[in-house]
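# Understanding the architecture of this molecule
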Amino acid sequence: MEELSEQFQRQTRTKVNATYGSSGNFFSQMQNGAPFDLFFSADIEYPRRLEAAGLAEPGTLYEYAVGRIVIWTPLDAKVDVTKQGWRTLLDASVQKIAIANPEHAPYGRAAVAALQNARIYDE
């Protein structure tokens, strides 16, 4: 975002003030009249809801990226994600699993959905 902002400022001579934070928090602020010109959201449903409510310029919604869920392990991990896939998370040597908070973050919700789809969430 910093690089994009700098490039935009050079080309247009328009100052960019980027604000970073939770998509859900910004969504709530915009519903209450916060004066943002652009909204880069990690969850496309927030901009869709703003557009549907008449709080965004019609036809300007643009999906700028697609996220991917990955299973990441340190180099010295005792598990083989390539062979075990999702079952890796159930290996006895795995002591901690971290996901984004599903109550606030779209990747957290996506992680829960993926774990449920793999039928390992409850385990």
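Note that the structure is predicted; figures quoted are calculated from it, not measured.

### What to know about the overall build of the chain
- In terms of regular secondary structure, the chain is built from five helices and zero strands.
- Traced from its N-terminal end to its C-terminal end, the chain shows the element sequence α-α-α-α-α.
- Against the globule reference of 14 Å for 123 residues, the chain gives a C-alpha radius of gyration of 19 Å, more extended than a compact globule.
- When the backbone C-alpha atoms are referred to their principal axes, the chain occupies close to 55 × 35 × 20 Å.
- Looking at the chain residue by residue over its 123 residues, the buried ones come to 17%.
- Within the chain, residue pairs in contact and separated by at least 24 positions form 25% of the contacts whose partners lie at least 6 positions apart.
- Accessible surface computed for the chain: about 10000 Å², of which carbon and sulfur atoms make up 50%.
- Put simply, the chain has 12 plus and 15 minus side-chain charges, and the middle of one group is 3 Å from the middle of the other.

### A closer look at the nonpolar core
- In terms of nonpolar packing, the biggest core is built from five residues, these being Phe 26, Phe 27, Met 30, Tyr 46 and Leu 50.
- Looking at this core, the elements with two or more residues in it are helix 2 (23-31) and helix 3 (45-52).
- No other element matches the three residues that helix 2 contributes to this core.

### Quick word on the packing of aromatic side chains
- A complete count under the given rule lists three aromatic pairs for this structure.
- With centroids separated by 4.9 Å and ring planes inclined at 35°, the aromatic side chains of Phe 27 and Tyr 46 adopt a geometry described as tilted. One end of the pair, Phe 27, is in helix 2; the other, Tyr 46, is in helix 3, and 19 residues separate them in sequence.
- Judged by relative accessible area, Phe 27 falls into the buried class, the value being 5%.
- Each ring, one from Phe 40 and one from Tyr 64, has its centre 5.3 Å from the other, and the planes form 75°; the classification is edge-to-face. Linking Phe 40 in the loop between helix 2 and helix 3 with Tyr 64 in the loop between helix 3 and helix 4 (81-84), this pair joins segments that are 24 residues apart in sequence.

Reading the values: the criteria
Note that residues are indexed from 1 along each chain, following the sequence as it is written. Per-residue local features of the predicted model are confined to residues with pLDDT of at least 70, and side-chain atom pairs are confined, for both listing and counting, to 80 or more; whole-chain, interface and lining totals are unaffected and use all residues. Side-chain measures here rest on the full set of heavy atoms in the structure, leaving out hydrogens and waters. Helical segments are the DSSP runs of H or I of at least four residues, strand segments are the runs of E of at least two, and each set is numbered from the N terminus. With C-alpha atoms as the basis for the radius of gyration, the globule rule is written as 2.2 Å multiplied by the number of residues raised to the power 0.38. Three exposure classes are used, based on accessible area relative to the maximum for each residue type with a 1.4 Å probe and protein chains only: buried under 20%, partly exposed in between, and exposed over 50%. In this analysis, two residues are considered to be in contact whenever any of their non-hydrogen atoms come within 4.5 Å of each other. Methods summary: accessible areas were calculated by the Shrake-Rupley approach with a probe of 1.4 Å, and residue burial reflects only the protein chains presented. Under the counting rule used here, the positive set is Lys and Arg, the negative set is Asp and Glu, and His together with the chain ends is not counted. Here the site of a charge means atom NZ of a Lys, CZ of an Arg, CG of an Asp or CD of a Glu. Nonpolar cores are built from buried Ala, Val, Leu, Ile, Met, Phe, Trp, Tyr and Cys residues. Side-chain atoms within 4.5 Å join them into one set. Note on ring pairs: Phe, Tyr and Trp rings are taken, using the six-membered ring of Trp, and paired if centres are within 6.5 Å. Classes follow the plane angle, with under 30 degrees stacked, over 60 edge-to-face and the rest tilted.

So far we have only geometry, and geometry alone does not tell us how the molecule works.
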